[in-house]
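Structure at a glance
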Amino acid sequence: ISFAEMLQQQDKHGQAVQEYQVFMEAFSEQGLDSRALWGKAWSLWDLGRFTEAASVFEKVYALNPDQEMRADSLMKAADSHFAEGQFNAAAEIYRRFSEEFQTHAQRGQARFQEAESFAQAEDFDRAIELLEDIARESAGGPEAGTAAYRRALMLERAKRYEDAVL
């Protein structure tokens, strides 16, 4: 696994993916190694193979008992779908993240990314509704202002100018 990590650090991501795969196949009787899966997912990401990266990040999420690693993996799976333009899949995973990791530092970001995923999928009503929920739930906090601002921008994108008044 050290060789695969070295290749990854040298930006030789294609070779790193192969080495991670060789490692996992050679040691399959010990179960999938989260470290190898994590490295493979990042190499796929760096190669722009976002759909494959999302799948591997989801495997890390499913197999890893560490809550922080699970959270990071789920967020990166959603980010991978978003980068690939799979906005409905991204929105679903961002929603799962915000429900499962309600106290995680990235929860707010996941909710905003879910709204942006809806917008990119041109489901402006769902995006606006989510932003209104965020503003309501975080009234008085820093996210409330951000949500209100993004809601106004979303209303403009949806060409609902009369509703854009805060």
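Anyway, here's the lowdown on the structure attached to this text.

Rules used throughout
- Residues numbered from 1 in each chain as written.
- Predicted model: local features only at pLDDT ≥ 70, side-chain atom pairs only at ≥ 80, totals over all residues.
- Heavy atoms only, no water.
- Axes fitted to C-alpha atoms, helices over the stretch in contact; angles between N-to-C directions.
- Helix = DSSP H or I, 4+ residues; strand = E, 2+ residues; numbered from the N terminus.
- Parallel < 35°, antiparallel > 145°, perpendicular 65-115°, else oblique.
- Left-handed = near helix turned anticlockwise from the far one by under 90°.
- Contact = heavy atoms within 4.5 Å.
- Nonpolar A, V, L, I, M, F, W, Y, C, P; charged D, E, K, R; others polar.
- Salt bridge = Lys/Arg side-chain N within 4 Å of Asp/Glu carboxyl O.
- Buried < 20%, exposed > 50% of the residue type's maximum accessible area, 1.4 Å probe, protein only.
- Expected span 1.5 Å × (residues − 1).
- Core = buried A, V, L, I, M, F, W, Y, C linked by side-chain atoms within 4.5 Å.

**Structural notes on the packing of helix α7 (residues 107–120) against helix α8 (residues 124–137)**
One way to put it is that α7 packs onto α8 with a least axis distance of 7 Å and a crossing angle of 160°. With respect to α8, the element α7 is oriented roughly antiparallel. The interaxial crossing formed by α7 with α8 has left-handed handedness. Taken together, the residues of α8 that come into contact with α7 (itself represented by R111, F112, E114, A115, F118 and A119) are F124, R126, A127, L130, L131, D133, I134 and E137. Within the contact of α7 with α8, the residues separate by chemical class into nine nonpolar, no polar and five charged.

**Things to note about the pattern of salt bridges**
Enumeration over the complete set of coordinates arrives at 12 salt bridges. Two residues, E58 and R96, come together in a salt bridge whose shortest N-O distance is 3.8 Å. Placement of E58 in helix α4 (residues 50–63) and of R96 in helix α6 (residues 87–100) is noted, with a sequence separation of 38 residues between them. A salt bridge links R70 to E100; the shortest N-O distance between them is 3.0 Å. Taken together, the positions of R70 in helix α5 (residues 67–84) and E100 in helix α6 put the pair 30 residues apart, joining distant regions of the chain. By relative accessible area, E100 is classed as partly exposed at 35%.

**Regarding α5**
In a regular helix each residue adds 1.5 Å, so 18 residues correspond to 26 Å; α5 covers 26 Å between its end C-alpha atoms and thus fits that length. All buried positions along α5 are accounted for by R70, A71, S73, L74, M75, K76, A77, A78, D79, S80 and H81. The elements touched by buried residues of α5 are α3 (34–46), α4, α6 and α7. One or two positions beyond α5, positive phi appears at G85, with a value near 85°.

**Looking at the nonpolar core**
Looking at soluble globular proteins, one finds that nonpolar side chains tend to be buried together. Among the nonpolar cores identified, the biggest contains 29 residues, and L74, Y94, F97 and F101 are the most heavily contacted of them. For this core, the secondary-structure elements that each account for two or more residues are α1 (2–9), α2 (13–26), α3, α4, α5 and α6. Counting residues per element, this core draws most heavily on α4, which supplies six residues. Among the nonpolar cores identified, the runner-up in size contains 14 residues, and A127, I128, L130 and L155 belong to it.

**Observations regarding unusual backbone geometry**
Its identity is not glycine, yet D11 carries a phi of approximately 60°, on the positive side. By secondary structure assignment, the location of D11 is in the loop between α1 and α2. Judged by its relative accessible area of 59%, D11 falls in the exposed class. One non-glycine residue with positive phi stands out, namely E122, at about 60°.

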